[in-house]
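# Structural characterization, general
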Amino acid sequence: MSKRILYLMHIPWGWIKQRPHFIAEGLNDRYDVTIICPRSFKAYPSNNTHAKVVELFRLPFERFSFVRIINRNLYNLQVKKYIKRNDCIWFTSPLMLPQRMYKYLEGKRVIYDCMDDMLEFPDSNKEIVIQLERSLYKKADAVFCSSDYLLSVLKTRYFDRNNLFVVNNAVRDSLPCSVVKNTGLIPIGKGVKMVYIGTISEWFDFELIIFLQKNIPNLELYLFGPKDIEIPSDTKIHYCGIIQHDIVFSVMDEADILIMPFKVTQLILSVNPVKLYEYILSGRPCLAPLYTESLKFGEYVYLYKDMEDCLNIVKNIISSGFSPLKTKEASQLFVKSNTWGERLKQIDAVLNIIL
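Since this is a predicted model, take the numbers as computed values, not measurements.

### Considerations on the packing of aromatic side chains
Summed over the entire model, instances satisfying the criterion amount to 16 aromatic pairs. For the pair Tyr196 and Phe262, a centre-to-centre distance of 6.0 Å together with 65° between the ring planes defines the contact as edge-to-face. Separated by 66 residues along the polypeptide, Tyr196 in strand E8 (residues 192–197) and Phe262 in the loop between strand E11 (257–259) and helix H7 (266–269) bring together distant segments of the chain. Accessibility classification places Tyr196 together with Phe262 in one group, the buried group. For the pair Tyr277 and Phe334, a centre-to-centre distance of 6.3 Å together with 10° between the ring planes defines the contact as stacked. One end of the pair, Tyr277, is in helix H8 (residues 274–282); the other, Phe334, is in helix H10 (residues 328–336), and 57 residues separate them in sequence. Classification of Tyr277 by relative accessible area gives buried; the value is 2%. Judged by its relative accessible area of 15%, Phe334 is buried.

Structural data, given as structure tokens:
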């Protein structure tokens, strides 16, 4: 009989598909997995899955403190019965740690997959997060970190410990054999088409984009993904909404340049950027800021130090006829060794010991 894993996921299942989704589905192919996630109040494209997903009831308007308190109690009440039924409890965030319920974790194997430095999010309640994360970090039988930098942050913030592993982000296993031509999402033949796919939040460097467009007048930026900030009202910045993961590569194929224009904050320093794996696979020239984790992609991605450096790189890409750093064949070889299937092998090696 396969081990039962309760996968407590801090983002809605319909959110833009990322690390928690891929790991959950990979685990579901090997174990009896129940995925618990918050109910979403926004309409997102559905992420179809054969896994068992339970969206917990919660109240909207969590910007009010009394609603957050009610929802925390609702969460504790709902998740308790699921904890009792499972052998292993997997946390994707310390915020999913049920308060005053440690007794229900006794005798269970506990996994913490630390995908981001939760303390560094702009709206983070640092006191609560550090309290919960310290408890989870101490309680866990194994801790996975998405980057080397993040691992060093946890060791410095708390303490060094056994069973602490780096499992980087990756790209999906079913690499696209072909793409849909002319999705209709990006106009054909209109200027230089620069594309970003991902979450648009505080870390997005619009100042850089405006600087580039000021110096390259025919540069058009197309944004795809969920947003929680206002986008500058500029006729050359186009917000195109959220797209299904199945057509991500088709959209990238229509781009001239792919970009990850992030401000290198303390939060971003911990990020092993999943979108760069996908960008590389597309065979399009792609840019990202230079920092410790992006250096790993330096053979395949143009890395810029500052705005002037980025401008010079973009101009060189345009003058070269939009040439990527590596051939598509070389890029595919790199990506094939960095799929979620490969990452699940790393996770399996750990779970085979502790479960």
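### Observations regarding the packing of helix H3 (residues 126–139) against helix H4 (residues 148–157)
Across the interface, H3 lies against H4 with an axial gap of 11 Å and an inter-helix angle of 95°. The orientation of H3 relative to H4 falls into the category roughly perpendicular. Of the residues in H4, those touching H3 at Ile130, Glu133 and Tyr137 are Leu154, Lys155 and Arg157. Considering only residue class, the contact of H3 with H4 consists of three nonpolar, no polar and three charged.

### Details of the pairing of E8
Of all six residues in E8, six are buried, a share of seventy percent or more. Judged by which residues are buried, E8 turns out to be covered on both faces: Val192, Met194 and Tyr196 on one side and Lys193, Val195 and Ile197 on the other are all buried. One ladder, built from six bridges, connects E8 with strand E9 (residues 219–224); its direction is parallel. Within the sheet, the bridge partner assigned to Met194 lies in E9 and is Leu221. One ladder, built from two bridges, connects E8 with E11; its direction is parallel. Along E11, the bridge assignment pairs Val195 with Leu258.

### Re unusual backbone geometry
Trans peptide bonds make up most of the peptide bonds, and negative phi angles are found at most residues other than glycine. Backbone geometry places Asn163, a non-glycine residue, at a positive phi of 55°. Turning to its location among the elements, Asn163 is positioned in the loop between H4 and strand E7 (164–166). Asn163 sits in the partly exposed class, given a relative accessible area of 33%. At Phe322, a residue that is not glycine, the phi angle is positive and equals roughly 65°. Positionally, Phe322 belongs in the loop between helix H9 (307–319) and H10.

### Remarks on the pattern of salt bridges
In the structure shown here, the tally under the stated rule is 15 salt bridges. As a salt-bridge pair, Arg172 and Asp246 come within 3.7 Å of each other at their nearest N and O atoms. Highlighted residues: Arg172 in the loop between E7 and E8 and Asp246 in the loop between strand E10 (237–239) and helix H6 (248–253), separated in sequence by 74 residues. According to the relative accessible area criterion, Arg172 is buried, its value standing at 13%. Using a relative accessible area of 60% as the deciding quantity, one classes Asp246 as exposed. Among the ionic contacts, a cluster of salt bridges with common partners joins Asp117, Glu133 and Arg157.

### Quick notes on the packing of helix H5 (residues 206–215) against H9
Between H5 and H9, the shortest axis-to-axis distance is 10 Å and the interhelical angle comes to 50°. As far as their axial angle goes, H9 and H5 are oblique. Where H5 crosses over H9, the two elements pack in a sense that is right-handed. Contacts between H5 and H9 pair Glu207, Leu208, Phe211, Leu212 and Asn215 from the former with Met307, Glu308, Cys310, Leu311, Val314 and Lys315 from the latter. Of the residues that constitute the contact of H5 with H9, the class distribution is seven nonpolar, one polar and three charged.

### What about H4?
Those residues of H4 not exposed but buried are Leu150, Leu151, Val153 and Leu154. For H4, the angular spread of buried residues about the axis comes to 160°, placing them on one side. Elements in contact with the buried residues of H4: strand E5 (109–114), H3, strand E6 (142–145) and E7.

### Quick look at the sheet that holds E9
Spatially, the six strands line up as an open sheet ordered E10-E9-E8-E11-E12-E13, and their pairing is parallel. Of all strands in the sheet, those bounded by a partner on one side alone are E10 and strand E13 (302–304). On average, each strand axis in the sheet is tilted by 25° relative to the strand beside it, whichever way the strands run. Where H5 meets the sheet, its contacts fall on E8, E9, E10, E11 and E13, and the angle it forms with E9 comes to roughly 150°. Against the sheet, H8 engages E8, E11 and strand E12 (286–289), with an angle of about 140° to E8.

### Digging into the side chain of Arg58
With respect to the secondary-structure elements, Arg58 resides in the loop between strand E3 (52–56) and helix H2 (65–85). The class of Arg58 is buried, set by a relative accessible area of 19%. Within the structure, Arg58 has its side chain in polar contact with the backbone oxygen of Arg39 (distance 2.7 Å).

Cut-offs applied
- Residues numbered from 1 in each chain as written.
- Predicted model: local features only at pLDDT ≥ 70, side-chain atom pairs only at ≥ 80, totals over all residues.
- Heavy atoms only, no water.
- Phe/Tyr/Trp six-rings, centres within 6.5 Å; stacked < 30°, edge-to-face > 60°.
- Helix = DSSP H or I, 4+ residues; strand = E, 2+ residues; numbered from the N terminus.
- Buried < 20%, exposed > 50% of the residue type's maximum accessible area, 1.4 Å probe, protein only.
- Axes fitted to C-alpha atoms, helices over the stretch in contact; angles between N-to-C directions.
- Parallel < 35°, antiparallel > 145°, perpendicular 65-115°, else oblique.
- Contact = heavy atoms within 4.5 Å.
- Nonpolar A, V, L, I, M, F, W, Y, C, P; charged D, E, K, R; others polar.
- Pairing = 2+ DSSP bridges.
- Salt bridge = Lys/Arg side-chain N within 4 Å of Asp/Glu carboxyl O.
- Left-handed = near helix turned anticlockwise from the far one by under 90°.
- Arc of directions from axis to C-beta.
- Polar contact = N/O pair within 3.5 Å; in protein donor to acceptor, adjacent residues only side chain to side chain.

Don't take any of this as a statement about function, it's just geometry.
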